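One-letter residues, chain by chain:
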Amino acid sequence: MDALDQDDRALVSQMLAEQAEEVRSHFDHPSLTIAHVVTHRPEQWLITLGTQLMTSDDASDRILGSRLVREVKSETDAVTLTVAMLLEHEQNATVIPWLISALGFLHASTQMSLILSFADHSDPSIRYAVSDAISACAGGTLGSAPRDALITLAGDPDPDVRWSAVFEIIAWSESTHEPALLDRLRISANDPEEPIRSLALEALAASLEPG
């Protein structure tokens, strides 16, 4: 962060401190500073600072950088390429979900294969990020590879991953009525976790309603 002026350096320190508190509180205490920055700072500022932070040796910096750049609406192709390049080389399991999330926020349809390459990662937070990003990057059509990934993730050992995948499957099944998705919902209707069972059962009941 050597190139930052004094005000920006202080702002980054504040955001990093609040980001650490988010993690400690399991995101019960979201960062108001980060929320303000991403909605009020110029996009070029977000891109410049975010890219600089994403190339830091510090994992917390890289996470914060991904959170800044994922909010931009301009230069998204260039930002997407930068995030994808960094994701391909990232080894820290706490950073990878945030980079995947950034691709989701950026609707990075060109990076679907890269996102899906993490679908069987050993870390459940990474698999959760994949499930969450698939629909955002799919556009209006769910291809066979992302569909199959969601179906697999709906049977994941981690209940949070399963819930996320079932939620996404429901959204797609409502528009496509694809048999494979409905079959997965029928399986999820017997999930050992009550919230997942309820989610699947409600969706199946709605699919049987006339009209």
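Look up a bit, the structure's there.
Computed from a predicted structure; not experimentally measured.

What follows deals with the overall build of the protein. Secondary structure assignment for the protein yields 12 helices and zero strands. Computed over the C-alpha atoms, the radius of gyration of the protein is 19 Å, within 12% of the 17 Å expected from 2.2 N^0.38 for a compact globule of 211 residues. Across the protein, the fraction of contacts at a sequence separation of at least 24, relative to all contacts at a separation of at least 6, is 55%. For the protein, the accessible area works out to roughly 10900 Å², and carbon and sulfur atoms hold 55% of it. Averaging the locations of the 13 positively and 33 negatively charged side chains of the protein gives two centres separated by 3 Å.

For the pair helix α1 (residues 6-24) and helix α2 (residues 32-40), interaxial distance at closest approach is 8 Å and the crossing angle is 130 degrees. It follows that α1 is oblique to α2 by the angle criterion. Contacts between α1 and α2 involve Leu11, Gln14, Met15, Glu18, Gln19 and Glu22 from the first element and Leu32, Thr33, Ile34 and Val37 from the second. Here the contact of α1 with α2 is built from residues that sort into five nonpolar, three polar and two charged.

This brings us to the pattern of salt bridges. One pass over the structure, following the stated rule, counts 10 salt bridges. Glu71 is paired through a salt bridge with Arg70; the nearest N and O atoms lie 3.7 Å apart. Judged by its relative accessible area of 13%, Arg70 is buried. The salt bridge partner of Asp148 is Arg147, with a shortest N-O separation of 3.0 Å. Members of the salt-bridge network, linked through shared partners, are Arg147, Asp148 and Glu178.

This paragraph deals with the packing of aromatic side chains. Scanning the entire structure with this criterion turns up two aromatic pairs. Relative to Trp98, the ring of Phe27 lies with its centre 6.0 Å away and its plane at 40 degrees, an arrangement referred to as tilted. Here the residue Phe27 occupies a position in the loop between α1 and α2, and Trp98 occupies one in helix α6 (residues 96-105), the gap between them amounting to 71 residues. Arranged with centres 5.4 Å apart and planes meeting at 15 degrees, the rings of Trp163 and Phe167 form a pair that is stacked. With Trp163 and Phe167 both in helix α10 (residues 159-176), this residue pair falls four residues apart, about one helical turn.

Procedures and definitions
Residues numbered from 1 in each chain as written. Predicted model: local features only at pLDDT ≥ 70, side-chain atom pairs only at ≥ 80, totals over all residues. Heavy atoms only, no water. Helix = DSSP H or I, 4+ residues; strand = E, 2+ residues; numbered from the N terminus. Rg over C-alpha atoms; globule rule 2.2 N^0.38 Å. Contact = heavy atoms within 4.5 Å. Areas by Shrake-Rupley, 256 points an atom, 1.4 Å probe, with all protein chains shown as cover. Lys, Arg positive; Asp, Glu negative; His and termini not counted. Charge placed at Lys NZ, Arg CZ, Asp CG, Glu CD. Axes fitted to C-alpha atoms, helices over the stretch in contact; angles between N-to-C directions. Parallel < 35°, antiparallel > 145°, perpendicular 65-115°, else oblique. Nonpolar A, V, L, I, M, F, W, Y, C, P; charged D, E, K, R; others polar. Salt bridge = Lys/Arg side-chain N within 4 Å of Asp/Glu carboxyl O. Buried < 20%, exposed > 50% of the residue type's maximum accessible area, 1.4 Å probe, protein only. Phe/Tyr/Trp six-rings, centres within 6.5 Å; stacked < 30°, edge-to-face > 60°.

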